[in-house]
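One letter stands for each residue in the lines below.
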Amino acid sequence: MSQITDYFSKKEVVSDDSPAAKRPRFSVESQSSPEIEDTTTDADSSILLKLYEAIVATLETIKANADRSWNVDSTKKAVSHYHAIANFDFIVTLTVCQAVLAFTKGLTVKMQGTSSDILSVFSDIKDVVKTLSSVRQKGEENHAKWFQIACQIADKLDITVQKPRTCQVQRNRANNPAETVEDHYKRNLTIPLVDHLINELET
């Protein structure tokens, strides 16, 4: 829990005159490469991923309630939240979404501004689509990197790397057949997510 508190207590306060405030808020060039390193440069784009291990540890402490400092309602909620996030399906989904959505963050921030013009935004959208298309073309390579990161996180927390249990008829989520766990998430998570973003930006 102290890790979470320390993180927010050390967050940089950005003033209008600070170097951070003067950095360009959107740059297609800075996001043009589908390498994982380029998707984690923004300090706020992966807060949940950065704090994930600390959050799991905090929930474990609360649900164990060894010192009896938590009431019954708190421990029940901790148990529920723990089981919801302390699994590989959550880890790999969080990792891939953070990496892929980072390519669109600059655009979304710019579109929320008051000074951007419509022609400039359309041009930026085309550039982001081009970047995502490049990510899609190198889907095998990119997914392998993101999957490896998810595996490393799971290994630290002794969480088993496995795909969700599937059935012949799946109504609520994708269920494309795959022989390995990595292939399962590539076919049912990474590729559909990138394709969906491209389609939404093009329409």
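Computed from a prediction, not measured in an experiment: that's the story for all the values here.

Rules used in this analysis
- Residues numbered from 1 in each chain as written.
- Predicted model: local features only at pLDDT ≥ 70, side-chain atom pairs only at ≥ 80, totals over all residues.
- Heavy atoms only, no water.
- Helix = DSSP H or I, 4+ residues; strand = E, 2+ residues; numbered from the N terminus.
- Buried < 20%, exposed > 50% of the residue type's maximum accessible area, 1.4 Å probe, protein only.
- Contact = heavy atoms within 4.5 Å.
- Areas by Shrake-Rupley, 256 points an atom, 1.4 Å probe, with all protein chains shown as cover.
- Axes fitted to C-alpha atoms, helices over the stretch in contact; angles between N-to-C directions.
- Parallel < 35°, antiparallel > 145°, perpendicular 65-115°, else oblique.
- Left-handed = near helix turned anticlockwise from the far one by under 90°.
- Nonpolar A, V, L, I, M, F, W, Y, C, P; charged D, E, K, R; others polar.
- pLDDT = per-residue confidence, 0-100.
- Patch = residues over 30% accessible without salt bridge, like charges linked within 9 Å, V, L, I, M, F, W, Y side chains within 5 Å.
- Salt bridge = Lys/Arg side-chain N within 4 Å of Asp/Glu carboxyl O.
- Core = buried A, V, L, I, M, F, W, Y, C linked by side-chain atoms within 4.5 Å.
- Domains from an automatic or database assignment.

Moving on, we get to the overall build of the protein chain. A tally of regular secondary structure across the protein chain gives eight helices and zero strands. For the protein chain, the N- to C-terminal ordering of α and β elements is α-α-α-α-α-α-α-α. For the protein chain, buried positions account for 34% of its 203 residues. The long-range share in the protein chain, meaning contacts at least 24 apart out of those at least 6 apart in sequence, stands at 71%. Surface exposure of the protein chain reaches about 12,900 Å², of which carbon and sulfur atoms provide 51%.

In the contact formed by helix 5 (residues 88-111) and helix 7 (residues 139-156), the axes pass within 9 Å of each other and the chain directions differ by 140°. When the interaxial angle is binned, helix 5 and helix 7 end up oblique. The handedness of the crossing between helix 5 and helix 7 comes out as right-handed. Where helix 5 abuts helix 7, its residues Phe 88, Ile 91, Val 92, Thr 95, Val 96, Ala 99, Val 100 and Phe 103 lie against Trp 146, Phe 147, Ile 149, Ala 150, Cys 151, Ile 153 and Ala 154. Counted by class, the contact of helix 5 with helix 7 contains 14 nonpolar, one polar and no charged residues.

Our focus in this paragraph is the confidence of the model for the protein chain. Averaged over all residues, the pLDDT of the protein chain equals 80, while 71% of them reach at least 70. Note that residues 11-45 has pLDDT below 50 and, in this model, 53 contacts with residues that lie over four places away or in other chains.

Before going further, it helps to spend a moment on the environment of Lys 186. The topology assignment puts Lys 186 in helix 8 (residues 181-202). In sequence terms Lys 186 and Gly 139 are 47 residues apart; their C-alpha atoms lie 8.1 Å from each other. Apart from the residues within four sequence positions on either side, Lys 186 is in contact with Glu 140, His 143, Ile 191 and Pro 192.

The next point concerns a nonpolar patch on the surface. Together, Ile 118, Leu 119 and Phe 122 give the surface a local cluster of nonpolar side chains, amounting to about 370 Å² of exposed area. Looking at the element boundaries, Ile 118 is found in helix 6 (residues 118-137). Accessibility expressed as a relative area gives 56% for Ile 118, which makes it exposed.

We now examine the packing of helix 7 against helix 8. Where helix 7 contacts helix 8, the two axes come as close as 10 Å, and the packing angle between them is 115°. Judged on the interaxial angle alone, helix 8 and helix 7 are roughly perpendicular. Of the two possible hands of crossing, helix 7 and helix 8 adopt the one that is right-handed. Residue-level inspection shows Glu 140, His 143, Ala 144, Trp 146 and Phe 147 of helix 7 in contact with helix 8, the latter providing Val 181, Glu 182, Tyr 185, Lys 186 and Thr 190. Its residues placed into classes, the contact of helix 7 with helix 8 shows five nonpolar, two polar and three charged.

Tyr 52, Phe 88, Val 92 and Val 100 are the most contacted members of the largest nonpolar core, which has 37 residues in total. Broken down by element, the residue count for this core peaks at nine residues, all from helix 5. Summarising the domain contributions, this core has at least three residues from each of domain 1 (42-86) and domain 2 (87-162 + 177-202). Setting aside its immediate chain neighbours within four residues, Val 100 contacts Leu 132, Trp 146, Leu 193, Val 194 and Leu 197.

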